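Coordinate inspection notes
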Amino acid sequence: PVEFLLDATPPTLQVVDVPSLLGTSYADFTINASDALSGVNTASLNVKIDGTDISNRFQMVGVQFKGIVTGISDGAHTLTAEISDLAGNRGTVV
């Protein structure tokens, strides 16, 4: 017999430690990613603020991704993060 694992479930992604930017032009972000079946493809992390890719500002620290983003202008902003699991499923958080 041949055993195999089918994984059609995307990884779970969560932005934690969402900063308050009062009086600053930078923010520290922490992102958790997990996948119980095939595992997370850590190289596939894609993070954007207002559509601008800032993925290169994030590093894996333990089981989390941490990043410091500078040069943020006044006003409301949208952070989007995506990551794939090792089966190719994509998880997204906005």
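Predicted model, so just to flag it, every value in this text is computed and none were measured. (Residues numbered from 1 in each chain as written. Predicted model: local features only at pLDDT ≥ 70, side-chain atom pairs only at ≥ 80, totals over all residues. Heavy atoms only, no water.)

Topic: the overall build of the protein chain
Under the convention used in this document: In this description a helix means any DSSP run of H or I spanning at least four residues, a strand means any run of E spanning at least two, and both kinds are numbered starting from the N terminus. Each residue's exposure class comes from its accessible area (1.4 Å probe, protein chains only) as a fraction of the maximum for that residue type: buried when under 20%, exposed when over 50%, partly exposed otherwise.
Helix and strand counts for the protein chain stand at 0 helices and 8 strands. Going residue by residue from the N terminus, the α and β elements of the protein chain occur as β-β-β-β-β-β-β-β. A principal-axis box enclosing the C-alpha atoms of the protein chain has dimensions of 65 × 25 × 20 Å. A buried classification covers 33% of the 94 residues belonging to the protein chain.

Comments concerning the nonpolar core
We apply this condition: Put simply, buried Ala, Val, Leu, Ile, Met, Phe, Trp, Tyr and Cys residues joined by side-chain atoms within 4.5 Å make one nonpolar core. Pairs of residues are marked as contacts when any of their non-hydrogen atoms sit within 4.5 Å.
Of all hydrophobic cores here, the largest spans 18 residues; its most connected members are Val47 and Phe58. Broken down by secondary-structure element, the contributors of at least two residues to this core are strand 2 (26–34), strand 3 (40–49), strand 6 (64–70) and strand 7 (79–85). Dropping the residues within four chain positions of it, Val47 is found in contact with Ile31, Thr52, Asp53, Ile54, Ser55, Phe58, Leu79, Thr80 and Ala81.

Let's talk about the sheet that holds strand 5 (residues 58–61)
As a reminder, the rule being used: Paired strands, in this sense, are two strands between which DSSP finds at least two bridges. A fitted line through C-alpha atoms serves as each axis, taken over the contacting stretch for helices, and the angle formed by two N-to-C directions is quoted from 0 to 180°.
Pairing within the open sheet is antiparallel, and its 4 strands lie in the order 1-2-6-5. Bordering the open sheet on either side are strand 1 (12–16) and strand 5, each of which pairs with just one other strand. Adjacent strand axes in the sheet meet at a mean angle of 25 degrees, parallel and antiparallel pairs treated alike. Sheet topology note: the strand 1/strand 2 ladder contains 5 bridges and is antiparallel. Paired with Gln14 across the two strands is Asn32, which belongs to strand 2.

Functional significance is not addressed by these values, which are geometric in nature.
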